[in-house]
Amino acid sequence: MTFVVGLTGGIGSGKSAVAELFVQRGAALVDTDAIAHQLTGPHGDAIAPLRDAFGDAFITHDGALDRARMRAHAFAEPTARARLEALLHPLIRTRAREAVDRSAAPYVVLAVPLLIESGDWNTRCDRVLVVDCPVELQRERVRARSALPEQEIDRIIAAQASREARLAVADDVIDNAGARMALAPQVDVLHARYMKLAEREKPASAL
Ligand code: ADP
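One numbering rule holds for all chains: residues counted from 1, following each sequence as written. Where totals are concerned, whole chains, interfaces and linings use all residues; where local detail is concerned, this predicted model gives features only for residues with pLDDT of at least 70, and gives and counts side-chain atom pairs only at 80 or more. Think of the side-chain values as coming from all heavy atoms in the structure, minus any hydrogens and water.

Caption draft 1: Fine view of the environment of Gly 10. Under the scheme used here, helices are H or I runs from DSSP no shorter than 4 residues and strands are E runs no shorter than 2 residues, and both carry numbers assigned from the N terminus. Position of Gly 10 among the secondary structure elements: in the loop between β1 (3-8) and α1 (15-24). We call two residues in contact when some of their heavy atoms are within 4.5 Å. In this structure Gly 10 touches Lys 15, Gln 138, Gln 160 and Arg 166, once residues within four positions along its chain are discounted.

Quick look at the structure:
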């Protein structure tokens, strides 16, 4: 069994920055956001079931999910969001599991933005790692990164678990309230810990 570290944190907390540092140290990254994008991108495997469920209007000319349209629809119509999630989540989960099982790295960092919110993810994780920073910094970083309207940023943050709820389930925490430079030493400590834990988890036949 591959040792799996579930990496989570609010939007703009610094998950991608942290994930990159783990990859540089030899961990494999399985990113559920990237999987979701592939599935819903041009001719992705979710496109046919999405077309069946929501109709042609939600599929662009190049065969991708029309994200803006779907976002507006799901916002206005909570049952649409539930249907979308019921369709996508099992596909994402299967792909993530396949990618974890294929990995030959000493351990896998499984990036799941909504790990806390969507129930059973953490059952697949040997450890939960939370990237933490104050909400105001999250806002600032998202603002600097994207053209999302302020209201949309607030809505996303409000829909995510609170900082406290995330910290309550964390096995490990990376503090990203400081400079980017402060991340690497924290990742070094955790990488050493995960290498040890992964070694201990290996079945006897693999030793
Ligand atoms: P997430 O993946 O959690 O949404 P990112 O890693 O993409 O977050 O970080 C959000 C934005 O903030 C990015 O533009 C990133 O470059 C920037 N960022 C991350 N950590 C820091 C930091 N410590 N100081 C300044 N900017 C940061």
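Caption draft 2: Molecular detail of the site of the ligand. Contacts to the ligand come from 14 residues, most closely from Lys 15, Ser 16, Arg 145, Asn 176 and Arg 180. Interatomic distance of 2.8 Å between a side-chain N/O atom of Arg 145 and an oxygen atom of the ligand. At 3.0 Å, a backbone N or O of Gly 178 approaches a nitrogen atom of the ligand. For accessible areas, the Shrake-Rupley method is used with a probe of radius 1.4 Å. Any residue's cover is judged against the shown protein chains and nothing else. A total of 560 Å² of accessible area belongs to the ligand in isolation, and the protein chains cover 78% of it. Sorting the residues of the shell around the ligand by element identifies α1 and α6 (135-145) as the ones contributing at least two each. Broken down by element, the residue count for the shell around the ligand peaks at 3 residues, all from α1. Each residue is tested against the molecule or strand, and it is near if at least one of its non-hydrogen atoms lies within 4 Å. Pairs of N or O atoms are called polar contacts if they sit within 3.5 Å, as long as, within protein, a hydrogen donor faces a hydrogen acceptor (for residues adjacent in sequence, only side-chain-to-side-chain pairs).

Caption draft 3: Seen up close, helix α2 (residues 32-40). Partly exposed residues are those whose accessible area sits between 20% and 50% of the maximum for their type, while under 20% is buried and over 50% is exposed, using a 1.4 Å probe and protein chains only. Three or more residues of α2 are buried, namely Thr 32, Ile 35, Ala 36, Leu 39 and Thr 40. Projected onto a plane normal to the axis of α2, the buried residues spread over an arc of 120° and lie on a single side. Contacts made by the buried residues of α2 are with β2 (28-31), α3 (47-54), α4 (67-76), α5 (78-102) and β3 (107-111). Between the side-chain oxygen of the N-cap and the backbone nitrogen of Asp 33 there are 2.9 Å, and the N-cap of α2 in question is Asp 31. Arc definition: it is the arc formed by the directions from the helix axis to the C-beta atoms.

Caption draft 4: Representation of the pattern of salt bridges. Here, a salt bridge means any side-chain nitrogen of Lys or Arg that lies within 4 Å of a carboxyl oxygen of Asp or Glu. Evaluation of the coordinates by the stated rule reveals 12 salt bridges. Two residues, Glu 98 and Arg 95, come together in a salt bridge whose shortest N-O distance is 3.8 Å. A residue pair is termed a helical-turn pair when its members lie 3 or 4 positions apart in one helix, as Glu 98 and Arg 95 do in helix α5 at 3 residues. The salt bridge partner of Arg 193 is Asp 172, with a shortest N-O separation of 2.6 Å. Highlighted residues: Arg 193 in helix α9 (residues 183-201) and Asp 172 in strand β5 (residues 172-175), separated in sequence by 21 residues. Through salt bridges that share partners, Glu 136, Arg 139, Arg 143, Glu 150 and Asp 154 make up one connected network.

Read these as spatial facts, not as claims about activity.
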